[in-house]
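Examination of the molecular architecture
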Protein chains: 4
Amino acid sequence: MVVVMQEGATEEQIQRAISKLMDMGFDIHRSTGANHTVLGAVGAKRDFDTRDIELVEGVEEVLRISAPYKLASRAFRPEGSIVYLGPGVAVGGKQIVVMAGPCSVEGAEQIDTIASLLSTLGVRVLRGGAFKPRSSPYSFQGMGQQGLELMRSAADKYKMLVVSEVMDQTQIPMVLDYVDVVQVGARNMQNYNLLKELGKISKPVLLKRGISATLEELLLSAEYIMSGGNYNVVLCERGIRTFESYTRNTLDVSAIPVIQKISHLPIIADPSHGTGRRDKVPPMARASVAAGADGLLLEVHNDPEKALSDGAQSLYPAQFEKLMGELRMIAPAVGRTI
Amino acid sequence: MVVVMQEGATEEQIQRAISKLMDMGFDIHRSTGANHTVLGAVGAKRDFDTRDIELVEGVEEVLRISAPYKLASRAFRPEGSIVYLGPGVAVGGKQIVVMAGPCSVEGAEQIDTIASLLSTLGVRVLRGGAFKPRSSPYSFQGMGQQGLELMRSAADKYKMLVVSEVMDQTQIPMVLDYVDVVQVGARNMQNYNLLKELGKISKPVLLKRGISATLEELLLSAEYIMSGGNYNVVLCERGIRTFESYTRNTLDVSAIPVIQKISHLPIIADPSHGTGRRDKVPPMARASVAAGADGLLLEVHNDPEKALSDGAQSLYPAQFEKLMGELRMIAPAVGRTI
Amino acid sequence: MVVVMQEGATEEQIQRAISKLMDMGFDIHRSTGANHTVLGAVGAKRDFDTRDIELVEGVEEVLRISAPYKLASRAFRPEGSIVYLGPGVAVGGKQIVVMAGPCSVEGAEQIDTIASLLSTLGVRVLRGGAFKPRSSPYSFQGMGQQGLELMRSAADKYKMLVVSEVMDQTQIPMVLDYVDVVQVGARNMQNYNLLKELGKISKPVLLKRGISATLEELLLSAEYIMSGGNYNVVLCERGIRTFESYTRNTLDVSAIPVIQKISHLPIIADPSHGTGRRDKVPPMARASVAAGADGLLLEVHNDPEKALSDGAQSLYPAQFEKLMGELRMIAPAVGRTI
Amino acid sequence: MVVVMQEGATEEQIQRAISKLMDMGFDIHRSTGANHTVLGAVGAKRDFDTRDIELVEGVEEVLRISAPYKLASRAFRPEGSIVYLGPGVAVGGKQIVVMAGPCSVEGAEQIDTIASLLSTLGVRVLRGGAFKPRSSPYSFQGMGQQGLELMRSAADKYKMLVVSEVMDQTQIPMVLDYVDVVQVGARNMQNYNLLKELGKISKPVLLKRGISATLEELLLSAEYIMSGGNYNVVLCERGIRTFESYTRNTLDVSAIPVIQKISHLPIIADPSHGTGRRDKVPPMARASVAAGADGLLLEVHNDPEKALSDGAQSLYPAQFEKLMGELRMIAPAVGRTI
C-alpha cells in the first residue's frame, strides 16, 4: 500500500499514520518529497480496508498495490489456465467451446429434440436450467431435479456434457449427480456460502459475473472458490446494467480482453442474457469471439415462441446454424478454431 | 398489457399478435386508429414476459399495465403498513426508528459498551453482524453464532431489540433464536430460496436493496416473502452503484418518497453503507429523515479505529449523539418524532 | 400515445385526462376494459412531454407510441443510408471504412509520416484533432487552424480525406475550408446551436454518442442536424460511462446492431476512446466489425510515447497493420469488405 | 505521482519508467521494497496523463497525488468562498439562497405573476429560461432575448435578481445585459469555449453538473472559468443518470457534503431537474437543505398544467409556500437560516 500525506501534513499526523499502518501489520518505507511525504507500506497481508487509512488526519490518498485476489490473478499462472470440462472438452485452449441449449428444461421431448439438433451441429456441452432464479415469485421456477434427470439422459444419448445452475449450497450434492459443470448465476456471484462449498468440490464451476459486479469483484468471487481448493473456474461475462435500456443488459465485450490480462482463468460470453433479444444475439456472439472469448453460452430452443422462460432471447435452430458458420469464419482471425 | 402495432402492420400480423396474446391467456380489445392498431390485453395473469410479444412481427411497442408485484403495491394497502418489531417499537408510524450498533459483533465487552451507550441515547434497536458477507475470502467473516449470543444478551440487558443478518436459508432457525428482526443483505436481495423461507416465518424481515436493483426488483423480492405469508417486511435503501466513485455507493435518497408512493411497506435508510465514509454519514442521515424515511440503520462503534470491519464508516459515539440532536430538530418538519 | 387509467379511476378523472389530451391536440379513442380504461391518443404532433399526462390524477401509465425522432428513424428510409464522404469513399455500403490518424495534429512531419504510413495500408480517411476539448484547462488544447492546414496538405499529398472536430458553431466556416467530414465530439452531442448550424451545411457530419447518451438521445441529436436539411450524418459509438473503471469507458458494441435496426443512418465505432488503452483497441476493433459496424475510427501514432494527447490509446504502426490483417479475415463473415 | 512497479520488474524496466517520468518533467524518488519498487514522481506540472506511465512495461499501478484542479480545490481557500450575486444576496454564507421561477419565460403576464408571488414569499432570485436546450428539435426552444427582457423587468419590479442560461459563447454579451447570474446548463458543462469566455467576465456563474460528470470533472470545468480570472462560481447538483428510471435523474445528495470537503466553492441543489416529478421535489429539497446545501434552484409555475416546458416538475404556488415553511424548520439543524 502507498499512502500519500497531504501537503503540509504535520510530523505528528505522519507519525500517527505510520503507527496505524504498523498496527495493521505493515513495514514502512518513508520518503519525504518537496511537497508530499509518501509512505510505502509493505506486508504479507492481502486483507485490509484502505479506508481505515484514508480517514486518518493528514492523509491525502491511498493506493493499494497488490490486487486483493491472488489465486485468480494472472501472476499466479502467467501461462493461462485450461479448464477440462469432460472428455475432449476444455476451455481456455485453442478450441472455442460453445455451450448451448434452452433456458429451461421443459420436458423430455423438448430437451431431446434440442440436444439432438445441437449435437449434429457440433455442440458438445448442453446447457439448460432446472432450478430457475426468477425475479417474480409468480414465474415458472423450473422443473427441479426431474429437469436435471431429463437433461442428463438427453446429454448421454448424444454424448454431450451438461452444465446447469445451482441456486444454493444445499442443492450441491444432488446437482453433482447430474452435471459436469456447475453454474453459479449472476445473482449468486456474491453468495459466499455457496462459493465456499463449491471450493470443496472438484468439478468445474462456471461463474457468471453479477449484473453490476466490477471485474475485481468477479475475481474475488473466483478467489472464494479457489481458496477452497477448486481451481477449475470458468468466468462468464453476461451483460452489465447501464443507463441504456434498449437492450436488457449491456454485454461488456471489453471484459474479455481485460480478464485475459489480469487473470489466468478462461472467460466465455453469454450474449443471450447479455442482450435479452434474439436478434441481437448473433452480432454479439460474433463480437465476443472476435474479441477473444474462450467460449460462448447460448440459448437455443426448438420452438422459442412456446418457451416457458426467456423465449425472447432464444435462437431458432436455423439462426444458430447460420451463426455457427459465421463464427467458423471469424475464429481463425484470433488464432482459434470452433 | 397494451400492444401497439407498427404503422402499416398487415392484418395478418395483427391476427398473429392477437392469437399469441390469446394463447397467453388474455382477452383482447382491439382499437383501430388512423396510423396504429392498438390491442388491449386484459387478464388475471401477473406473470408474463412482455418480450414474447415485442418480438412478434409488426409489433411496435408493448406496455405492461399492472405492476408485476401485487402484495407489495400501494394499492394493496393504501393506508400504508406499520411493522411491529417488538414491544413499543414499530416502523412506519409517526415515530422514526433508529437502529444502531457496530458493523460486526467483536466481543462481549465491545457489544456491551456500545449497547449501553446507545440505549442511553434512546436507541431501541441494536444492530450488529455475526455472519458477514465479505467480498474477499481473506476478510474477517464474523463471530457466527457466538456473536448472536453476545448481542442478544447485551440487548436484553439494556432492553433493546436485535436486528442481524442471515446469509442463507440454512441459518434461519438458529438466527431466529436470537434476533427480533432478520436482515437480508444487499447481496442476497435476489437469493430467492432464502426469501421463500423467510416467507414462512412471522418475525419481521429487513430487506436491503441490492446495489444495482431497481425499485421494481426490490418490491418483487418483497413479494417473494409476502407471497409466502409474511407481510412484516421493512425495506432499506443502502446506496446504489453509479459512475461516481468518491463515495463507496450513491445513497438514492429519492427512493424514499418513490417507495412511499408505489408501496405500502415502510422504508428506512442506511447512510453508513450508502456512503462508506464516516464524515458523510451525518449529512446523509439528516437528508434521509428530511426526505421522509421511516427509520435509519447506522453503524456506531466505541472505537472505530480498531473495528474489525467497516470502521471507516462507523460513527464515533460523540458524532452519533450530535446527529441525534440534529435529527430531533428536523423530524417535526416532516410531521414525525424521533 | 396510449394512456392507461388506474383501476378504479373515476369517470371524472377519465374525463379530465381526455380533455387534457384534447388540449394537447390529440384525437381520443377510448376503450373500457374490466379493470382499466385505456385511452388511445392519436395526432400528428411529435413533440410533447408524456409527464404532462402521467401526473393527471387517475392516470397509471403512459406509453409514447411513435419515436420522438422521425427523419433519423429506420422507417424514414427502410433500405438504409449510404453517406458519401468523398471520391470513392462511402459509409453504409459493403465497404467498411477505416478512418485513422493521431489524436492531435502535432506538426508537419508527424502528420505527414502518419498519413504516408496509413495510406500505404489502404486507409482513405485521415483523422486528427486541431481543436481539442480537454477536461483540464492546463492540457494541450490543439494547434488550431494551423493543425487543419497541415492535415489538409498531408491528406492531399496521399490522396486521403480529412475528418476533424469542430468545437462550436463559430468555427464552422473556417473548418469547412479544410475538412471533408466535420466531427461533433461526444461532449458536444447536445450542443444544439452547433447542431442546428451543421444542419445548414452539406458536408457529412460524424456525430459521436455522448458518454451517457441513450440511443434515443443520439438519434434526436441527429434529428437536429437532419431537420435543418443535412441528411449526411454518420453516427459513432465511442464508449459509455458505466460503473466499471478498468477501461476508461465501456464500448457499447450492442449499440451497433440496435442502431441498425431503429435508424437508417450508418454507424461506426471508435475503440480508441471506447477503451482508452492501446492493448484493448485491437480486440474491440475486431468485435465492432464482427458486430456489423460500418466503419472504424482509430488512433494511430508513429511514436505514441511522445504523443501530446491520448498516446496511451494510440496504436503503434505495426499493431495497426496486424489489426488490418485480422479485420480482413473477419469482414467476409458479415458480408463486407475492408 | 506514485508509480508502483510490478513484482519482478527488471532493472531495465525500472530505468525505462524513470526516464519516461523524467522526460515528463518529474523529479524521481526511488524506494525499493521487498516485492515492489515504488517511484515517487515530484514536479510542478498539473497536466499529465497517468496512462502514459501505466502502459510502460513493468508498471503495475499509478497514483496521481495532486488533484488535477487547483483553484477550485479546498486547499486554495480553506475557509470557503462566499459568492455575491447582488445587493444583499450571497451564496455560501449562513443564509440559504432560494432561486425560483418557471422553467421557461412564456410571456409578460406569466413572469410577472410568478415574480410577484415568489417575492412575497421571500425569494430574492428569479430563475427562468429564455434560451432552452431541448433534446428534440421540435420542442419549444424558448422566447430568446425577449424572454430576458420580460424577466429583467419583472425582477426589477419586485427587487429580485435574475439567473438565466446562456447556451453558447456568442450569446454572452447580450445575456449579460439582462442577468445577474449566468447559468451554464448540464449539457454545456464541458463546452470549454463557453467556459473560457465566462472566465473573462466578472458576474457570477452558476455551473450545473453534467448528467454523468464526476465531481472531479465538475471541478475541472470550474477551473476553466477560474483560470480565466472569474472566481465567482457557484456549483449546482441537478441529478445524475443511473440505472434507476422511476425518477428522471437521481439527485446525488451526497455530492453536497463531498464538494464542501474537496472544494471551497458553494454548492446548491436543483431538485426539479434532479427528480423530474413535482411530487418528489419537496422531499428532495428538504433533503438537500438537511445535507447542507448552500441554496436551492426550484421550478415554480402559476399554472404548471399549461407550462410550455417541464410543467411536470414545476411546483404549484401552494406547494412551494408549504415547502418554504418546512425548510425554515430544517435550516437551524444545520446552523443556517432561509
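**Here's the deal with empty space enclosed by the protein**
Tallied over the entire structure, the rule returns 6 cavities of 30 Å³ or more. Estimates place the volume of the largest cavity at around 150 Å³. Surrounding the largest cavity, 15 residues form its lining, T242 and F243 of chain B together with R241, T242 and F243 of chain D being those nearest its centre. Here the lining of the largest cavity is composed, by residue class, of 4 nonpolar, 7 polar and 4 charged. In this structure, the second largest cavity is lined by H29, S31, V38 and G40 of chain A together with V2, H29, R30, S31, V38, L39 and G40 of chain D.

**Notes on the sheet that holds strand β1 (residues 2-5) of chain D**
Residue and element names in this part refer to chain D. Strands sit in the order β2-β3-β1-β4 across an open sheet of 4 strands; the sheet is antiparallel. Looking at strand neighbours, the two that pair on one side only are β2 (27-32) and β4 (59-63), the edges of this open sheet. Taking each pair of neighbouring strands and ignoring which way they run, the sheet shows an average axis angle of 20°. Here helix α1 (residues 11-23) sits on the sheet in contact with β1, β2, β3 (37-42) and β4, set at roughly 155° to β2.

**Comments concerning the sheet that holds strand β9 (residues 161-165) of chain A**
Residue and element names in this part refer to chain A. Taking strand neighbours around the barrel as the criterion, the 8 strands line up as β7-β8-β9-β10-β11-β12-β13-β14 in a closed arrangement whose pairing is parallel. For this sheet, the mean angle separating the axes of adjacent strands, direction not counted, is 25°. Alignment of strand β12 (residues 233-237) against strand β13 (residues 267-269), held across 3 bridges, turns out to be parallel. Residue pairing for β13: E237 is matched across the bridge by A269. Contacts between helix α4 (residues 145-157) and the sheet are confined to β8 (125-127) and β9, with β9 contributing the most and set at about 160° to the helix.

**Overview of the pairing of β9 of chain A**
Residues and elements named next belong to chain A. For β9, the buried fraction is high: 5 of the 5 residues fall into the buried class. Burial of the side chains of β9 extends over both faces: L161, V163 and E165 are buried on one face and V162 and S164 on the other. Note that β8 and β9 share 3 bridges and pair parallel. The partner of V125 across the bridge, within β9, is L161. Read as a crossover between parallel neighbours, the route from β8 over α4 to β9 is right-handed. Bridge count between β9 and strand β10 (residues 181-184): 3 bridges; the pairing is parallel. Counted as the bridge partner of E165 is Q183 from β10.

**Thoughts on the packing of helix α7 (residues 215-226) of chain C against helix α8 (residues 255-262) of chain C**
All names here are of chain C. Where α7 contacts α8, the two axes come as close as 11 Å, and the packing angle between them is 55°. With respect to α8, the element α7 is oriented oblique. Judged by the twist between their axes, the crossing of α7 over α8 is right-handed. Where α7 abuts α8, its residues L215, L218 and L219 lie against A255, V258, I259 and I262.

**As for the interface of chain C and chain D**
With 50 residues of chain C in contact, the opposing surface of chain D contributes 49 residues. Interface area, chain C with chain D, both sides summed: about 4200 Å², of which 44% is carbon and sulfur. For the chain C face of the interface with chain D, the top three residues by lost area are R51, L55 and Y138 of chain C, together amounting to 17%. Our enumeration of links across chain C and chain D arrives at 4 salt bridges. Notably, a salt bridge pairs E54 of chain D with R277 of chain C, separated by 3.7 Å at the nearest N-O pair. Elements with a contribution of two residues or more to the side of chain C that touches chain D: α2 (51-54), α6 (192-198) and α7 of chain C.

**Considering the environment of P317 of chain B**
Residue and element names in this part refer to chain B. Inspection of the secondary structure assignment puts P317 in helix α11 (residues 317-330). It is 8.6 Å that separates the C-alpha atoms of P317 and D303, two residues lying 14 residues apart in sequence. With residues up to four places along the chain from it excluded, the contact list for P317 reads L117, V300, H301 and N302.

**A few points about the relation of the copies chain C and chain D**
Screw-axis analysis of chain C against chain D gives a translation of 0.0 Å along the axis, an RMSD of 0.0 Å, and a rotation angle of 180°. On this basis, the relationship between the two copies can be described by a two-fold rotation axis. By C-alpha distance to the rotation axis, the residue of chain C lying nearest is S212 of chain C, at 3.1 Å.

The rules behind the values
- Residues numbered from 1 in each chain as written.
- Chains lettered and ligands numbered in written order.
- Predicted model: local features only at pLDDT ≥ 70, side-chain atom pairs only at ≥ 80, totals over all residues.
- Heavy atoms only, no water.
- 1 Å grid on protein atoms, 1.4 Å probe; cavity = no way out; pocket = protein on both sides within 12 Å on 5 of 7 lines; lining within 4 Å.
- Points joined across faces, edges and corners; volume = space filled by probe spheres on them.
- Nonpolar A, V, L, I, M, F, W, Y, C, P; charged D, E, K, R; others polar.
- Pairing = 2+ DSSP bridges.
- Helix = DSSP H or I, 4+ residues; strand = E, 2+ residues; numbered from the N terminus.
- Axes fitted to C-alpha atoms, helices over the stretch in contact; angles between N-to-C directions.
- Contact = heavy atoms within 4.5 Å.
- Buried < 20%, exposed > 50% of the residue type's maximum accessible area, 1.4 Å probe, protein only.
- Right-handed = clockwise from strand over helix to strand, strands pointing away.
- Parallel < 35°, antiparallel > 145°, perpendicular 65-115°, else oblique.
- Left-handed = near helix turned anticlockwise from the far one by under 90°.
- Buried area = accessible area lost by both parts, 1.4 Å probe.
- Salt bridge = Lys/Arg side-chain N within 4 Å of Asp/Glu carboxyl O.
- Least-squares fit on C-alpha atoms with pLDDT ≥ 70 in both.

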